[in-house]
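Structural overview
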Amino acid sequence: MKNAAAPVLLELANEVDFAPSLMARIVLERFLQEQEGTIPSKTLINSMLRDPSQIPDGVLANQVYQCTVNDCCYGPLVDCIKHAIGHEHEVLLREMLLEKNLSFLAEEQLRAKGYDKTPDFILEVPVAVEGHIIHWIESKASFGDECSHQAYLNDQFWSYWNRFGPGLVIYWYGFIEELDCHRERGILLKDCFPTDIVTLRHSMAQH
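On a predicted model such as this, the values are computed, not experimentally measured, just so you know. (Residues numbered from 1 in each chain as written. Predicted model: local features only at pLDDT ≥ 70, side-chain atom pairs only at ≥ 80, totals over all residues. Heavy atoms only, no water.)

**Details of the overall build of the protein chain**
The number of helices and strands found in the protein chain is eight helices and six strands. The secondary structure elements of the protein chain, listed N-terminal to C-terminal, are α-α-α-α-α-β-α-β-β-α-β-β-β-α. Each of the three principal axes of the protein chain carries a C-alpha extent, and together these read 80 × 35 × 30 Å. Each of the 207 residues in the protein chain was classed as buried or not, and the buried ones make up 40%. For the protein chain, the exposed surface amounts to about 12,400 Å²; the carbon and sulfur share of it is 53%. Here the protein chain carries 17 positive and 30 negative side-chain charges, and the mean point of each set is 6 Å from the other. (Helix = DSSP H or I, 4+ residues; strand = E, 2+ residues; numbered from the N terminus. Buried < 20%, exposed > 50% of the residue type's maximum accessible area, 1.4 Å probe, protein only. Areas by Shrake-Rupley, 256 points an atom, 1.4 Å probe, with all protein chains shown as cover. Lys, Arg positive; Asp, Glu negative; His and termini not counted. Charge placed at Lys NZ, Arg CZ, Asp CG, Glu CD.)

Structure below.
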């Protein structure tokens, strides 16, 4: 390669309409496999994609770096951005719960108690939202499309429902309206923090 700094791998990915980070992963996997004689572990690949300076070949390290920083959909940089936005919305939700004087256990507290798969917040005293009892709230800083929502139902939401009872999922960037079809079974979807929360204490005071 005459110019080692030229973004050859990035240009190739763009030419064939392939995500640059995925192209970098494939080339890196092949490089390591030929060098070591064995299939590299996902842990090693992910570590090198996050920090290309670990790649033993300097030219390839530069090519991988250019791919990961110029990929707007995949890769470690995008993962970091998604994680930061997700954390920001969890903090926002925590502040709203505190503002409403709702007692809750956060995910880190539940993990400390030994739970492996938990929602972001479990309400110590259940509330009612639009006539539905809510025991837990999950924050999703994304748009709820059919594919991602189905994956979340299978991997997370039904597990929460099975262990903790009915709950609320907030898709902060909206969701396909037809997906909010499990209300009667106990999973409610909203695109913002509900304003019509009825607490047990409030309903008791009315009686």
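**Some words on the layout of surface pockets**
The calculated volume of the largest pocket comes to roughly 430 Å³. If you trace the largest pocket, you find 18 residues lining it, with Lys82, Gly86, Glu90, Ser139 and Lys140 closest to the centre. Within the residue set of the lining of the largest pocket, elements represented by two or more residues are helix 5 (76-99), helix 6 (107-112), strand 3 (132-140) and helix 7 (146-164). It is helix 5 that provides the largest number of residues to the lining of the largest pocket, a total of six residues. Of the residues that constitute the lining of the largest pocket, the class distribution is four nonpolar, seven polar and seven charged. (1 Å grid on protein atoms, 1.4 Å probe; cavity = no way out; pocket = protein on both sides within 12 Å on 5 of 7 lines; lining within 4 Å. Points joined across faces, edges and corners; volume = space filled by probe spheres on them. Nonpolar A, V, L, I, M, F, W, Y, C, P; charged D, E, K, R; others polar.)

**A word on the state of the cysteines**
All told, the structure shown has zero disulfides when counted by the stated rule. Counting only cysteine sulfurs, cysteine 73 is the nearest neighbor of cysteine 72, a cysteine outside any disulfide, at a range of 3.8 Å. Free of any disulfide, cysteine 181 has its nearest neighbouring cysteine sulfur in cysteine 147, separated by 15 Å. For cysteine 181, a relative accessible area of 52% gives the class exposed. (Disulfide = S-S within 2.5 Å.)

**What about the pattern of salt bridges?**
A complete count under the given rule lists seven salt bridges for this structure. The residue glutamate 107 makes a salt bridge to arginine 111 at a minimum N-O spacing of 3.2 Å. Placement of both glutamate 107 and arginine 111 in helix 6 is noted, with a separation of four residues, approximately one turn of the helix. Take arginine 111: its relative accessible area is 43%, and that puts it in the partly exposed class. Linked by salt bridges that have partners in common, Glu130, Asp180, Arg183 and Lys190 make up one network. (Salt bridge = Lys/Arg side-chain N within 4 Å of Asp/Glu carboxyl O.)

**Side note on helix 2 (residues 20-36)**
Here helix 2 contains 17 residues, and its C-alpha end-to-end distance of 24 Å stays within 8% of the 24 Å for a straight helix at 1.5 Å per residue. Of the positions making up helix 2, those classed as buried are Pro20, Ser21, Met23, Ala24, Leu28 and Leu32. The buried residues of helix 2 all sit within an arc of 155° when viewed along its axis, so they share a single face. Across from the buried face of helix 2, at angles greater than 90 degrees, the exposed residues are Arg30 and Glu34. Looking at the buried residues of helix 2, the elements they touch are helix 1 (8-15), helix 3 (42-50) and helix 4 (58-69). The first or second residue beyond helix 2 is glycine 37, which carries a positive phi of 85°. (Expected span 1.5 Å × (residues − 1). Arc of directions from axis to C-beta. Contact = heavy atoms within 4.5 Å.)

**Concerning a nonpolar patch on the surface**
Taken together, the side chains of Tyr65, Val69, Leu77, Ile81, Ile85, Phe143, Tyr173 and Ile176 define a hydrophobic patch exposed on the protein surface, amounting to about 700 Å² of accessible area. Contributing elements (two or more residues each) for the nonpolar patch: helix 4 and helix 5. Within the secondary structure, leucine 77 sits in helix 5. Classification of leucine 77 as partly exposed rests on a relative accessible area of 41%. (Patch = residues over 30% accessible without salt bridge, like charges linked within 9 Å, V, L, I, M, F, W, Y side chains within 5 Å.)

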